[in-house]
Amino acid sequence: MVGSKEKRDKRLQEISLLRTIPYSDHQRWWTSETVAVVTGANRGIGFEMVRQLAGHGLTVILTSRDENVGVEAAKILQEGGFNVDFHRLDILDPSSIQDFCKWIQEKYGFFDVLINNAGVNYNVGTGNSVEFSQMVLSTNYYGTKNIINAMIPLMRRASQGARIVNVTSRLGRLKGRHSKLENETVRAKLMDVDSLTEEIVDETVSEFLKQVEEGTWESGGWPHSFTDYSVSKMAVNAYTRVLAKELSERPEGEKIYANCFCPGWVKTAMTGYAGNVSAEDGADTGVWLALLPDQAITGKFFAERREISF
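Residues numbered from 1 in each chain as written. Predicted model: local features only at pLDDT ≥ 70, side-chain atom pairs only at ≥ 80, totals over all residues. Heavy atoms only, no water.

> Any details on the side chain of Asp284? Residues and values, ideally.
Structurally, Asp284 can be placed in helix α9 (residues 279–291). Judged by its relative accessible area of 2%, Asp284 falls in the buried class. A polar atom in the side chain of Asp284 sits 2.8 Å from the side chain of Arg305. (Helix = DSSP H or I, 4+ residues; strand = E, 2+ residues; numbered from the N terminus. Buried < 20%, exposed > 50% of the residue type's maximum accessible area, 1.4 Å probe, protein only. Polar contact = N/O pair within 3.5 Å; in protein donor to acceptor, adjacent residues only side chain to side chain.)

Spelled out as structure tokens, the structure:
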């Protein structure tokens, strides 16, 4: 146990060191006119990703479902000298998404980076209620899909490619130590990336919600830990692979690269501040992915700046 703690502490020190190393001129593909959008960014990991991106010189749009809280969060960064803008966005509300896209188009014309951080989790500690499964899946999976689909037409066409980064979790891994998907049929479908489609992911989510409604989910082979949250992130992971495959077929100059990452068990409101990773370290991999100079990386899953298995 001591060894694993020392290993984790050493890795966190490495991450902190990597974050202090500036991108060299030939790696820096962005300018102050490069626009990044971070959803659910009024606090925690989202807020920290806005701060770090703005610190690298990008123009960053902080979004929040709560306008007052979002305005205050953006103001803190603006007063710190960061180029941060704000607009309200509720990824569950089609009209809010439409208003946001219209505002982006009118004010900026286009944007370059989308980080999907908005999400919910109603289980804390050892609890594993599925009472709010519909809300969890609607927000974490369907909400993420909806904002991506709405915003892809506004992503800048450029040689370096636009970037989509989805915040997910190791709890969504198909063979995770704590959240293994025991339903062999579903797991086989989600692991077969060549045959994987958005329809298959949707069907998986629908089947889970149906079993929740019927009260049969416990025998359905779903993850035993943070079940609804784990399923939502499993769906996001699968959808990221589908999305990356579809977007990779775009011609040169119109590419969009999509990846996902796990920030770790971060000390935020979502974990009841019981995590062991700071928001700063949790945000690091997402920012790193958004700014990668090697734009050919797509359809991958990362944690602590390293690729991990789905």
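Still more ground to cover, so stick around.
> Just give me the short version of empty space enclosed by the protein, but keep the residues and values in it.
According to the stated counting rule, one finds five cavities of 30 Å³ or more in the structure shown. Empty space within the second largest cavity amounts to approximately 60 Å³. Surrounding the second largest cavity, Gly172, Leu174, Leu190, Met234, Asn237, Ala238, Arg241 and Phe310 form its lining. If you tally residues by element for the lining of the second largest cavity, the top one is helix α8 (residues 227–247), at four residues. (1 Å grid on protein atoms, 1.4 Å probe; cavity = no way out; pocket = protein on both sides within 12 Å on 5 of 7 lines; lining within 4 Å. Points joined across faces, edges and corners; volume = space filled by probe spheres on them.)

> Give me the lowdown on the sheet that holds strand β4 (residues 113–116), citing residues and values where you can.
Spatial ordering of the open sheet is given by β3-β2-β1-β4-β5-β6-β7-β8, a layout of eight strands whose pairing is mixed. The sheet terminates laterally at β3 (84–88) and β8 (306–308), the two strands that pair on one side only. Direction aside, the axes of adjacent strands within the sheet are offset by 25° on average. Two elements, strand β1 (residues 35–38) and β4, share three bridges in a ladder whose sense is parallel. If you follow Val38 over to β4, its bridge partner there is Ile115. Each of β5 (162–167), β6 (256–262) and β7 (301–303) is contacted by α8, which is oriented at about 160° to β6, the strand it contacts most. (Pairing = 2+ DSSP bridges. Axes fitted to C-alpha atoms, helices over the stretch in contact; angles between N-to-C directions. Contact = heavy atoms within 4.5 Å.)

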